Amino acid sequence: MTVADERMPVLYLSHGAPPLADHERWPAELAAWSRALPRPRAVLIVSAHWEAAPIALGATRTVPLVYDFWGFPERYYQVRYAAPGAPELAGKVRNLLRGPGAAVADVPDRGLDHGAYVPLKEMYPDADIPVLQLSMPTLAPQVLLRVGRKLAPLRDEGVLIVGSGFFTHNLRALTADDEHVPSFTAEFDAWGRETLATRDLDALLDFEHTAPAARLAHPRADHFAPLFVALGAGEEDLGTLRTVIDGYWFGMARRSIQLG
């Protein structure tokens, strides 16, 4: 896989909890997806698990991961992903995002959380690509879309922009397997499949009113919100939008998309 000289695509993926590594298909799907992409010079990732305003940049050197989950077997807390930091990319992100009334903070000791390292470990297991994590300053779709638009020029410099969330995320409605899902999950996922296929950006941005059972599929919008950063960064390639991974995991839709 050669390092990208062309414009990189943009991804929104459903990242899974730490047991993602034990899923019978998911790790292989993520690995195959990454092999089909140009090799990025760096990864810029926005995770559902970091909200901070003003927008903040995580560590630009290798620091310990953030094990932001509870109650799992000890082996999940022993996972390591020592990806290089991306200080040059951080400088470019600051330049793109700063402006009147738009500050960018630095949190130099903030490591990658599980929304970042869990999928990246499956996609780039050698941890040899620089990674920078960016916080979400809000859950407002229009604001996040504008953030993505500002970041879009990085695609021409070999940067893979990734929004990491979960296409539905109601932890009170988990099921025992991947086959039996709540009706509201299936309805929201079917709406999402159709809305993404028709590239109806307005409906996606107003999902709380246009999608069926939106409040059940997302009691809080944090896991859907990274999608809007991805849509903003990939807006010029909206016509190429496609679903790469679908299906369910313990009752939640794991739909994941690519633009470009």
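Note that this is a predicted model, so its numbers are computed, not measured.

Asker: Go over the overall build of the chain, please, and point to the residues and values.
Answerer: Scanning the chain from N- to C-terminus turns up nine helices and 10 strands. Its C-alpha radius of gyration of 17 Å places the chain within 12% of the 18 Å reference for a compact globule of 260 residues. For the chain, the spread of C-alpha atoms along the three principal axes comes to 45 × 45 × 35 Å. Considering the chain as a whole, with its 260 residues, one finds that 57% of them fall into the buried category. Sequence-distant contacts in the chain: of pairs separated by 6 or more residues, those separated by 24 or more amount to 81%. Total accessible area on the chain stands at roughly 10900 Å², and carbon and sulfur atoms take up 53% of it. Of the charged side chains in the chain, 25 are positive and 32 negative, and the gap between their average positions amounts to 4 Å.

Asker: Provide a residue-level description of the pattern of salt bridges, including the pertinent values.
Answerer: In a structure, side chains of opposite charge can pair up when their charged atoms sit close to one another. This model, assessed by the stated rule, comprises 17 salt bridges. Note that Arg-61 is salt-bridged to Asp-109, the shortest N-O span being 2.7 Å. With Arg-61 in the loop between β3 (55-57) and α2 (87-97) and Asp-109 in the loop between β4 (104-106) and α3 (114-123), this residue pair connects regions lying 48 residues apart in the sequence. With relative accessibility at 48%, the residue Arg-61 sits in the partly exposed group. With a closest N to O distance of 2.8 Å, Asp-189 and Arg-255 form a salt bridge. Taken together, the positions of Asp-189 in helix α5 (residues 183-197) and Arg-255 in the loop between β9 (252-253) and β10 (256-259) put the pair 66 residues apart, joining distant regions of the chain. By relative accessible area, which is 3% here, Asp-189 ends up buried. Looking at Arg-255, the relative accessible area reads 2%, which means it is buried.

Asker: Give me the side chain of Arg-94: which residues, what numbers.
Answerer: On the secondary structure map, Arg-94 appears in helix α2. A polar atom in the side chain of Arg-94 sits 2.8 Å from the side chain of Asp-106. Those residues in contact with Arg-94, other than ones at most four positions away along the chain, are Leu-57, Val-104 and Asp-106.

Asker: Would you mind going over α3 in detail, with residue names and values included?
Answerer: In terms of burial, α3 is a largely internal element, nine of the 10 residues being buried. Packing partners of the buried residues in α3 comprise β1 (10-14), α1 (26-36), β2 (42-51), β5 (131-136) and β6 (159-165). The opening residue of α3 is Asp-113, an N-cap whose side-chain oxygen sits 2.9 Å from the backbone nitrogen of Gly-115.

Asker: Provide a residue-level description of the packing of aromatic side chains, including the pertinent values.
Answerer: Per the counting criterion, the structure on display carries 17 aromatic pairs. With a centroid separation of 5.4 Å and 70° between ring planes, the pair formed by Phe-167 and Phe-224 is classed as edge-to-face. On the criterion of sequence distance, the pair formed by Phe-167 in the loop between β6 and α5 and Phe-224 in the loop between α8 (214-217) and α9 (226-233) is long-range, its members being 57 residues apart. Residue Phe-167 shares its accessibility class with Phe-224, and that shared class is buried. In textbook terms, an aromatic cluster arises when at least three aromatic residues are bridged by ring pairs, as seen for Tyr-67, Phe-69, Phe-72, Tyr-76, Tyr-77 and Tyr-117. When the ring centre of Trp-26 is taken as origin, the NZ or CZ atom of Arg-254, which lies over that ring, is 5.1 Å away.

Asker: So, the nonpolar core: which residues are in play, and what are the values?
Answerer: Core analysis: the largest hydrophobic core is formed by 51 residues, its most contacted members being Val-93, Leu-151 and Leu-231. With six residues, α9 is the largest single contributor of residues to this core. Contact partners of Leu-151, with chain neighbours within four places excluded, come to Leu-44, Val-93, Leu-96, Leu-97, Leu-134, Ile-161 and Val-229.

Here is what the cut-offs are and how they apply
Residues numbered from 1 in each chain as written. Predicted model: local features only at pLDDT ≥ 70, side-chain atom pairs only at ≥ 80, totals over all residues. Heavy atoms only, no water. Helix = DSSP H or I, 4+ residues; strand = E, 2+ residues; numbered from the N terminus. Rg over C-alpha atoms; globule rule 2.2 N^0.38 Å. Buried < 20%, exposed > 50% of the residue type's maximum accessible area, 1.4 Å probe, protein only. Contact = heavy atoms within 4.5 Å. Areas by Shrake-Rupley, 256 points an atom, 1.4 Å probe, with all protein chains shown as cover. Lys, Arg positive; Asp, Glu negative; His and termini not counted. Charge placed at Lys NZ, Arg CZ, Asp CG, Glu CD. Salt bridge = Lys/Arg side-chain N within 4 Å of Asp/Glu carboxyl O. Polar contact = N/O pair within 3.5 Å; in protein donor to acceptor, adjacent residues only side chain to side chain. Phe/Tyr/Trp six-rings, centres within 6.5 Å; stacked < 30°, edge-to-face > 60°. Lys NZ or Arg CZ within 6 Å of the ring centre and 35° of its normal. Core = buried A, V, L, I, M, F, W, Y, C linked by side-chain atoms within 4.5 Å.

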